[in-house]
Number of protein chains: 2
Amino acid sequence: MAERHGSLVSFRPDIRVVDCTLRDGGLVNNFRFTDEFVKDLYLANIKAGVDYMEFGYKASKEIFNPDSFGKWKFCDEKDIRAIVGDNKTDMKISVMADVGRTDFKKDIVPRKDSVIDMIRVATYINTIPAAIEMIEDAKQKGYEVTVNIMAVSKVSDAELVSGLELLAQSSVDVIYLVDSFGVFYPEQVEKLVNQYMEVANKYGKKIGIHAHNNQQLAFANTIEAISRGASYLDATVSGLGRGAGNCYMESLLSFLRNPKYNKIAIFNFVEKHILALKEEGNKWGFDIPYLLTGILNSHPSTAIQFIKDGRSDYSIFYQELIDNVL
Amino acid sequence: MAERHGSLVSFRPDIRVVDCTLRDGGLVNNFRFTDEFVKDLYLANIKAGVDYMEFGYKASKEIFNPDSFGKWKFCDEKDIRAIVGDNKTDMKISVMADVGRTDFKKDIVPRKDSVIDMIRVATYINTIPAAIEMIEDAKQKGYEVTVNIMAVSKVSDAELVSGLELLAQSSVDVIYLVDSFGVFYPEQVEKLVNQYMEVANKYGKKIGIHAHNNQQLAFANTIEAISRGASYLDATVSGLGRGAGNCYMESLLSFLRNPKYNKIAIFNFVEKHILALKEEGNKWGFDIPYLLTGILNSHPSTAIQFIKDGRSDYSIFYQELIDNVL
């Protein structure tokens, strides 16, 4: 058994905190954040010492109708610059690009012409070759590049071994362990991060963690991953994100010991913006339906619908899930 | 480093699930549960395979005015029997007795005359001799007996070593690790359970875990404790309990693999009773103020007041805590 990395008193200088509030949170409100929300989040993240702020997706306007989504689904250069100018700060900017849903050759411009610092490629196990094409394109354009292997709880051990090996041989900088469906217990995260770290160390890559809160384990799984060597840590303010949401930024910054991190600005942002978002009827966060899709290793969409429909017949829902999922 | 006990696929026959919904949840509504609530919970717990149901406290009526609390603060024999009759079921019944707040010589009758099976003594580190007096009294009267060392996050290592040794030499059956203030990370629970288990194994005792959800770690800490050998597991329906609440029974039963456990009855209970309890304005569960008292190793009372006052100035509250607590 590998020992834990770091201690609960010291800090690891390799840690990077990535705020995904707009990107994963955009899945809650179709990316319709006000400019004030985005600007205040940007300023709060800078004050908080967050290392990367993700503004949203680089989605294809051929596939997704811009009228149906807020602008952070597309992250046009001009829209980011309207918030950050030339971003003359220590915080870097990232966007996510889904395999098959991004016109990356056109929409991702050379880094020297962009305010974006990092491209995060999101792939399923069966699209890794396409992901690698995007990784090499972004790397060649001068970006830092990460890759998320999504829904890894659905991937066989043998496939994961091959996929990790392929990605580690690419130019990618960071490989993310992603618990898309909120399935994993910390004990499993321990094993998976150990496995990811072994490949990462062989090829000089870093490992990231992106957790979901279906079982109220997003924070627990994130700190377990840290303890096993993961260094890129995704979190969102108040866990804002699809379904059960993500690891709370408030919790993560409370856990990290590097004095550069300061949670006060995040609290003030919550008071000003997150409470209002909830009052407007946006729903996210741990609840029984998400627990059920989590333990059944199932996409949260059915649970999101259950809650949207105002249902509370949990037992019936559980039987529906078993009938349709297992 | 000790290996994990059990696997994620098999089950451990030594596991006992203890439902504390009435007892810890009573701290939310002053123990004013309707008889229908209590009766339905009793029936749900039986169907769910719960091993022990805790009905409340055996509080002294000399100290606490019965007019100010619901009856489960006192757990009179006749009140329990009004719900369970002679409890001719496989589920056992427990009550909690606080050191210094229970007329145990009078109010705890011989087990042969009682429907109660287990007395749970709650003590601070500095009242362990008084706790042992209560333990021996209850044991002599024929009960199973457990002891909670509360607020152990405030206890020095040396004191804890002495306290554990003293308790392990008593007649107590189970010693509980209690994270009263929701301070601990799973990494700390690992170390503490290992320490408790070492003493327990020496004297043939068992170890229990009672977690609080200040950092959204109640479930994570409970399964970490299981994995390190704890076998008595406290949980409450929907985490109902003081402040940030407890480990969700729904999550715990979903985790355990013993086919005797069945979470369906608990879901139906939530639908019928817990949603109503929330709508009536009872407040519990994870929120930023509890995170703050948790990370500062502080009693949740200030956070409970903050929420009761309808405040949302988290940063100010945090400064108040630092001024008054550290």
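Up top you'll find the structure we're talking about.
Residues numbered from 1 in each chain as written. Chains lettered and ligands numbered in written order. Predicted model: local features only at pLDDT ≥ 70, side-chain atom pairs only at ≥ 80, totals over all residues. Heavy atoms only, no water.

Asks: So what's going on with the relation of the copies chain A and chain B? Which residues, and what values?
Replies: You can overlay chain A on chain B at an RMSD of 0.0 Å; the transform is a turn of 180 degrees with a shift of 0.0 Å along its axis. Expressed as a symmetry operation, the mapping of one chain copy onto the other fits a two-fold axis. The share of interface residues of chain A whose copies in chain B are also at the interface is 100%, consistent with both copies meeting through the same surface. (Least-squares fit on C-alpha atoms with pLDDT ≥ 70 in both. Contact = heavy atoms within 4.5 Å.)

Asks: Can you explain the packing of helix H10 (residues 264-279) of chain A against helix H13 (residues 314-325) of chain B? Please cite residues and give values.
Replies: Where H10 of chain A contacts H13 of chain B, the two axes come as close as 8 Å, and the packing angle between them is 140 degrees. Contacts from Ile264, Phe267, Asn268, Val270, Glu271 and Leu275 of chain A of H10 of chain A reach H13 of chain B at Tyr314, Ser315, Tyr318 and Gln319 of chain B. Here the contact of H10 of chain A with H13 of chain B is composed, by residue class, of six nonpolar, three polar and one charged. (Axes fitted to C-alpha atoms, helices over the stretch in contact; angles between N-to-C directions. Helix = DSSP H or I, 4+ residues; strand = E, 2+ residues; numbered from the N terminus. Nonpolar A, V, L, I, M, F, W, Y, C, P; charged D, E, K, R; others polar.)

Asks: Which residues make up the nonpolar core, and what values do they have?
Replies: If you look at the biggest cluster of nonpolar residues, it comprises 221 residues, and the most contacted ones within it are Phe55 of chain A together with Phe55 of chain B. Looking at this core, the element that brings in the most residues is H10 of chain A, giving eight residues. Excluding anything up to four places from it in sequence, Phe55 of chain B contacts Leu22, Val38, Tyr42, Trp72, Cys75, Ile80, Ile83, Val84, Ile93 and Ser94 of chain B. (Core = buried A, V, L, I, M, F, W, Y, C linked by side-chain atoms within 4.5 Å. Buried < 20%, exposed > 50% of the residue type's maximum accessible area, 1.4 Å probe, protein only.)

Asks: Mind laying out the pattern of salt bridges, listing which residues take part and the relevant values?
Replies: All told, the structure shown has 60 salt bridges over all chains when counted by the stated rule. In this structure, the salt-bridge partner of Asp86 of chain A is Arg81 of chain A, at a minimum N-O distance of 2.8 Å. Where Lys92 of chain A meets Glu144 of chain A, a salt bridge forms, and the shortest distance between an N and an O atom there is 2.7 Å. Of the two residues, Lys92 of chain A sits in strand S3 (residues 92-98) while Glu144 of chain A sits in strand S5 (residues 144-149), which places them 52 residues apart along the sequence. With a relative accessible area of 30%, Lys92 of chain A lands in the partly exposed category. One connected set of salt bridges, linked through shared partners, spans Arg4, Glu187, Glu190, Glu224 and Arg228 of chain A together with Arg4, Glu187, Glu190, Glu224 and Arg228 of chain B. (Salt bridge = Lys/Arg side-chain N within 4 Å of Asp/Glu carboxyl O.)

Asks: Tell me about unusual backbone geometry, and name the residues and values.
Replies: Residue and element names in this part refer to chain B. Its identity as a non-glycine residue notwithstanding, Phe31 has a phi of 65 degrees, on the positive side. Its location among the elements puts Phe31 in the loop between helix H1 (21-29) and helix H2 (35-48). At Asn297, a residue that is not glycine, the phi angle is positive and equals roughly 55 degrees. Here Asn297 is to be found in the loop between helix H11 (288-295) and helix H12 (301-308).

Asks: Outline the sheet that holds strand S1 (residues 16-19) of chain B, listing residues and values.
Replies: Residues and elements named next belong to chain B. One closed barrel holds the eight strands; their spatial order is S1-S2-S3-S4-S5-S6-S7-S8, and the pairing between them is parallel. The mean inter-strand angle of the sheet, taken between neighbouring strand axes irrespective of direction, is 25 degrees. As paired strands, strand S5 (residues 144-149) and strand S6 (residues 174-178) are joined by four bridges and run parallel to one another. From the neighbouring strand, Asn148 faces S6, where its bridge partner is Tyr176. Taken strand by strand, helix H5 (residues 128-140) contacts strand S3 (92-98), strand S4 (118-123) and S5, and its axis lies near 175 degrees from that of S4. (Pairing = 2+ DSSP bridges.)

Asks: Can you break down the pairing of strand S2 (residues 52-57) of chain B residue by residue, with the values?
Replies: The side chains of a regular strand alternate, residue by residue, between the two faces of the sheet. Residue and element names in this part refer to chain B. Counted residue by residue, S2 has six buried out of six residues, so it is predominantly covered. Here S1 runs beside S2; their pairing, made up of two bridges, is parallel. Bridge pairing in S2 places Val18 opposite Tyr52. As paired elements, S2 and S3 share four bridges and run parallel to each other. Opposite Met53, over in S3, you have Ile93 as the bridge partner.

Asks: Please provide a residue-by-residue account of the packing of aromatic side chains, values included.
Replies: By the definition in use, this model includes 32 aromatic pairs over all chains. Judged by centre distance (6.5 Å) and plane angle (55 degrees), the ring pair of Tyr314 of chain A and Phe267 of chain B falls under tilted. Residue Tyr314 of chain A is located in helix H13 (residues 314-325), and its partner Phe267 of chain B is located in helix H10 (residues 264-279); the two belong to separate chains. Here Tyr314 of chain A matches Phe267 of chain B in class, with each residue buried. (Phe/Tyr/Trp six-rings, centres within 6.5 Å; stacked < 30°, edge-to-face > 60°.)

Asks: Outline the interface of chain A and chain B, listing residues and values.
Replies: Chain A puts 42 residues into the contact, and the matching count from chain B is 42 residues. Interface area, chain A with chain B, both sides summed: about 3800 Å², of which 63% is carbon and sulfur. Three residues, Tyr185, Glu187 and Gln216 of chain A, lead the burial of chain A against chain B; their summed loss comes to 16% of the area buried on that side. At the junction of chain A and chain B, the tally comes to four salt bridges. Among the ionic pairs, Arg4 of chain A bridges to Glu187 of chain B, the shortest N-O distance being 3.9 Å. (Buried area = accessible area lost by both parts, 1.4 Å probe.)

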